[in-house]
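Fold and geometry: a report
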Amino acid sequence: MVRLPSFVTTTRRHDGRRLLSYVAGLLMFYAPFALFTRLWGWATGTRTAGSISDLCLRMQINWLTNPAQWGNLFGEIGLRTVGFFVILGLALLMGPLFCGWICAAGALPEYLSRLVPDRFKMDVLDKVNVTAIRYGFLAGYVITPFLAGGIGCAFCNYKTFELMVLGVTGSFTALSSTYILVTLLWLVAFGLFMKGGRGWCNFACPVGALQSLVHSIGARFGFTWKLKYFPGNCKSCHRCVAACPMRAISPVPDRGGVRINRHQCILCKDCIEVCRHDALAYGRGPAIEPAVLDRPALEPAAADA
Ligand code: SF4
Ligand code: SF4
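Just so it is clear, the model here is predicted, and its values are computed rather than measured. (Residues numbered from 1 in each chain as written. Chains lettered and ligands numbered in written order. Predicted model: local features only at pLDDT ≥ 70, side-chain atom pairs only at ≥ 80, totals over all residues. Heavy atoms only, no water.)

Along its 18 residues, helix H1 (residues 12-29) runs 26 Å from first to last C-alpha, staying within 8% of the 26 Å computed at 1.5 Å per residue. Every buried residue of H1 is listed here: His-14, Asp-15, Arg-18, Tyr-22, Gly-25, Leu-26 and Phe-29. With its buried residues spanning 120 degrees around the axis, H1 presents them on a single face. Away from its buried face, by an angle of more than 90 degrees, H1 presents the exposed residues Arg-12, Arg-13 and Leu-20. Tucked inside the fold, the buried residues of H1 contact helix H2 (35-44), helix H6 (97-102), helix H7 (104-113), helix H9 (157-168) and helix H14 (270-274). (Helix = DSSP H or I, 4+ residues; strand = E, 2+ residues; numbered from the N terminus. Expected span 1.5 Å × (residues − 1). Buried < 20%, exposed > 50% of the residue type's maximum accessible area, 1.4 Å probe, protein only. Arc of directions from axis to C-beta. Contact = heavy atoms within 4.5 Å.)

The local shell around ligand 1 consists of Cys-234, Lys-235, Ser-236, Cys-237, His-238, Arg-239, Cys-240, Val-258, Cys-275, His-277, Ala-279 and Leu-280. Across the shell around ligand 1, the residue classes break down as seven nonpolar, three polar and two charged. (Near = heavy atom within 4 Å. Nonpolar A, V, L, I, M, F, W, Y, C, P; charged D, E, K, R; others polar.)

A word on the pattern of salt bridges. Using the criterion set out here, one finds 10 salt bridges in the structure. When the shortest N-O distance is used, the salt bridge between Arg-18 and Glu-110 registers 2.9 Å. In this pair, Arg-18 is assigned in helix H1 and Glu-110 in helix H7, connecting sequence segments 92 residues apart. Here Arg-18 matches Glu-110 in class, with each residue buried. (Salt bridge = Lys/Arg side-chain N within 4 Å of Asp/Glu carboxyl O.)

Attention now goes to the confidence of the model for the protein chain. Looking at the protein chain as a whole, the pLDDT averages 87, with 89% of positions reaching at least 70. Least confident of the elements in the protein chain is helix H4 (residues 70-75), whose mean pLDDT is 67; most confident is H7, at 97. The low-confidence segment residues 293-305, where pLDDT is below 50, has 35 contacts with residues more than four positions distant or belonging to other chains. For this predicted complex, the interface score ipTM comes out at 0.99, while the overall pTM is 0.89. (pLDDT = per-residue confidence, 0-100.)

This next bit is on the UniProt feature "transmembrane region" (unreviewed entry) in the protein chain. Taking the numbering used here, the UniProt-annotated feature "transmembrane region" (unreviewed entry) corresponds to residues 20-41, 82-112, 132-152 and 172-193. Segment residues 82-112 splits into 90% helix and 0% strand. End C-alpha atoms: 32 Å apart. Helix makes up 73% of residues 172-193 and strand makes up 0%, while its end C-alpha atoms are separated by 27 Å. (UniProt positions renumbered as here; feature names shortened; annotations may be inferred.)

Attention now goes to the side chain of Ser-250. Among the structural elements, Ser-250 can be located in strand E2 (residues 249-251). When near neighbours in sequence (up to four residues on either side) are disregarded, Ser-250 contacts Leu-125, Val-241, Gly-257, Val-258 and Arg-259.

Another point: a nonpolar patch on the surface. A cluster of nonpolar side chains, contributed by Leu-64, Trp-70, Val-142, Ile-143, Phe-146 and Leu-147, occupies part of the molecular surface with about 630 Å² of accessible area. Secondary-structure assignment places Trp-70 in helix H4. Owing to a relative accessible area of 47%, Trp-70 belongs among the partly exposed residues under this scheme. (Patch = residues over 30% accessible without salt bridge, like charges linked within 9 Å, V, L, I, M, F, W, Y side chains within 5 Å. Areas by Shrake-Rupley, 256 points an atom, 1.4 Å probe, with all protein chains shown as cover.)

Below, the structure written as structure tokens:
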């Protein structure tokens, strides 16, 4: 059993940059601000709701289930269609930066969870197959509209987060029981009391899962950007493991070094910040760089790409 450092924090500068980026994401996409979606509507002359619903991926799936609505998919190049391809294109080329830097609904539980001492939190690392559950949820999300006719907005942390932002900014709406259930899962059970605070992202976010799926394919090619590992520099201190909010990086027992799970990594770069030996970096090229020091035994187990 590998002992992990008990508590590792990133630099305030890095943390501040991420926080600012999430605030920008909130202002761009969530009501009552939704600056980006309003600007899009104004520039293209299309109707937008001025809310996160403008980017909802669920509608495209619902349209697919009804041949009469197939025209909606490509008939009007609306924000949903463009957003779908931009987010997935970004994930393919540069990884799920949307999750690690823009999605305020994912960031809120991560930052709140820092208020709770780690001894009170569950840790999913190596306890369950998070990747299987994540993609299983994604499959259910895609299939459900074909079987049951639709997916409720109430089971969505984006919408729940938007209602909270609206409440804080003066437009309070009482939450239905489903929204309350989502809040308890997303912010409390999977947030405050889960190590890293990103249990909802790990298990129940189809947007994140779709990006990870695309990234796991893109990361196999040298021309894309990804988290790179330099096993020859790694000292097996496991500071990166302790710092990862997605529990996407894990120790390799016996042989030392770490393994990166690209199906979970959101490219927040916290691990790069805390590594004191330049063993991790974000960039193009192979996911595993040739060892700088002579430690060839680390390489085969070094990545789960
Ligand atoms: S990658 Fe860096 S932080 Fe992680 S175990 Fe190796 S030396 Fe430590
Ligand atoms: S592996 Fe590194 S970049 Fe990926 S989610 Fe974990 S800390 Fe962030």
